[in-house]
Amino acid sequence: MGFSDADLQAIWLTLRLASLVTVLLLLIGTPIAWWLARTHSRWKGPVGAVVALPLVLPPTVLGFYLLLAMGPNGPVGQFTQSLGIGLLPFTFWGLVVASVFYSMPFVVQPIQNAIEALGERPLEVAATLRAGPWDRFFSVVLPLAKPGFFTAAILGFAHTVGEFGVVLMIGGNIPGATRVVSVQIYDYVEAMEYGQAHWLAASMVIFSFLVLLALYTLNPNQRKF
Amino acid sequence: MQTPRILLALLALAVVSASARAETVQVAVAANFTAPMKLIAEAFAKDSGHTANASFGSSGKFYAQIKNGAPFEVLLSADAETPAKLEAEGLTQSGTGFTYAIGTLVLWSADPALIEDGAKVLGRNKFRKLAIANPKTAPYGAAAMAVLKGLAVDQMMMPKLVQGENIAQTYQFVSTGNAELGFVALSQVTKDGKIGEGSAWVVPAGMHDPIRQDAVILKNGEGKAAAAAFMEYLKGDKAKDIIRSFGYQIP
């Protein structure tokens, strides 16, 4: 049997989505993690809780509120319409925005933990050596917290690949735009085409296993968690 | 201080004697039939003393679950194919299948002014997204595709189509305004016998194959009094009135 053209299209779309989301999450998540790790602000608790929400909320709840928020009457929808880019649901970029929310804790938390584990000392030393803030980040924090970033990138990527409920709620199942692998598998099962479903589902299991295997064995510090 | 204990004893007696006569039937129900099923289950409990425990979902999922030993005793499917397939595989009490409802397709918009003159709104093509249920898995989706083809607008609509995984999600896309209009089940937009909100075009039945929804007793329900009683109740006038009031037809 093997993969159909529609399967390949879904796989390619999923990889594109997950890669883009991972890059965006590292860019957005790093400053948030940095702030959460070092601040003594009374906002630390609330911000940390908001970031962690997708860990506990059912994806349908998140998807439903995203659908309302990004719809024509929602605040995000009115904002995107006023910018002239239209509405986000049923588009690739809608999935990107949703996935960034959904996978955020998987990226922020490992980076935050890694930075917290560094402590103040290396940064103070660097500061006495006249390293500026950017210099301190790139030559001290980044190398020392590398395992945290590695874990964050892999978990963010893998979690986006495995996303289903949110995509189902705001995707609209459009081939090439929002029909990702998990939705394609769901369709096969619903249509009782179990043979095709097995191909994709088994590939997904193997892929996820290899990703996690890489995470547990290749992590630069060999740090187990 | 004796009263509470006596009351408790009476209550226990009532529970025991009731459970001796009344049984519970596990019913798997197609998502589009959620609202009528709730009313039917209520009436069934009142009239028969049995309880109908309903699980709502898609026919495809129920098929997979039933094949793998789910404890359902009756299936109210959204189509005729799933019960037929189960029957062919020996997973039903054979000969118990019948059509309990025929679905009506409706083109619906949450905007009260959008659909003024029936199907012409499709030809004018002044909207962004048209929602349908997944034609591959949902009978209402397949019917919607047939209507688009019949009106010769399927090619024009292709780039505007968004698919809900089932008819409930399709309704959600339209009711939140994310799709301006969509093909949903008349039962979803019917309140007290007429279209509740927005604007709609009820698709003439001749434009697509009838959306026959079949019910069947499953192997688990074979010989169970409550399962048989529920099926009989579903064929009765009270249930039929409820079913019709939601915009379904009865064969």
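Residues numbered from 1 in each chain as written. Chains lettered and ligands numbered in written order. Predicted model: local features only at pLDDT ≥ 70, side-chain atom pairs only at ≥ 80, totals over all residues. Heavy atoms only, no water.

Section: the nonpolar core
Line of reasoning, step 1. Counting 57 residues, the largest nonpolar core has Phe33, Leu76, Leu122, Leu130, Phe183 and Phe230 of chain B as the members making the most contacts within it.
Line of reasoning, step 2. Three or more residues apiece are contributed to this core by two domains, here domain 1 (3–102 + 212–245) and domain 2 (105–202) of chain B. (Core = buried A, V, L, I, M, F, W, Y, C linked by side-chain atoms within 4.5 Å. Buried < 20%, exposed > 50% of the residue type's maximum accessible area, 1.4 Å probe, protein only. Domains from an automatic or database assignment.)

Thoughts on the sheet that holds strand 7 (residues 161–164) of chain B
Residues and elements named next belong to chain B.
Line of reasoning, step 1. Pairing within the open sheet is mixed, and its five strands lie in the order 7-6-8-5-11. The strands lining the two open edges of the sheet, one partner per strand, are strand 7 and strand 11 (199–202). Averaged over all adjacent pairs, the angle separating strand axes in this sheet is 30 degrees, with direction ignored.
Line of reasoning, step 2. Pairing geometry for strand 6 (residues 130–133) and strand 8 (residues 181–185), over two bridges, is parallel. Looking at the pairing, alanine 131 lines up with glycine 182 of strand 8.
Line of reasoning, step 3. Contacts from helix 6 (residues 139–150) reach strand 5 (105–109), strand 6, strand 7, strand 8 and strand 11, with the element oriented near 130 degrees to strand 8.
Line of reasoning, step 4. Sheet strands touched by helix 8 (residues 167–175): strand 5, strand 6, strand 7 and strand 8. Its angle to strand 8, the strand with the most contacts, is close to 145 degrees. (Pairing = 2+ DSSP bridges. Helix = DSSP H or I, 4+ residues; strand = E, 2+ residues; numbered from the N terminus. Axes fitted to C-alpha atoms, helices over the stretch in contact; angles between N-to-C directions. Contact = heavy atoms within 4.5 Å.)

What to know about the domain arrangement of chain B
Residues and elements named next belong to chain B.
Line of reasoning, step 1. Per the domain assignment, the segments of chain B are domain 1 (3–102 + 212–245) and domain 2 (105–202).
Line of reasoning, step 2. Measuring from the centre of the C-alpha atoms in domain 1 to the corresponding centre in domain 2 gives 30 Å.
Line of reasoning, step 3. On the side of domain 2, six residues touch domain 1, which itself brings five residues to the contact.
Line of reasoning, step 4. Summed over both partners, the interface of domain 1 with domain 2 buries about 480 Å², with 63% contributed by carbon and sulfur atoms.
Line of reasoning, step 5. For the pair domain 1 and domain 2, the interface holds zero salt bridges.
Line of reasoning, step 6. Seen at the junction of domain 1 and domain 2, the total is one residue pair in polar contact (both at pLDDT 80 or more).
Line of reasoning, step 7. Residue classes in the side of domain 1 that touches domain 2 are distributed as one nonpolar, three polar and one charged. (Buried area = accessible area lost by both parts, 1.4 Å probe. Salt bridge = Lys/Arg side-chain N within 4 Å of Asp/Glu carboxyl O. Polar contact = N/O pair within 3.5 Å; in protein donor to acceptor, adjacent residues only side chain to side chain. Nonpolar A, V, L, I, M, F, W, Y, C, P; charged D, E, K, R; others polar.)

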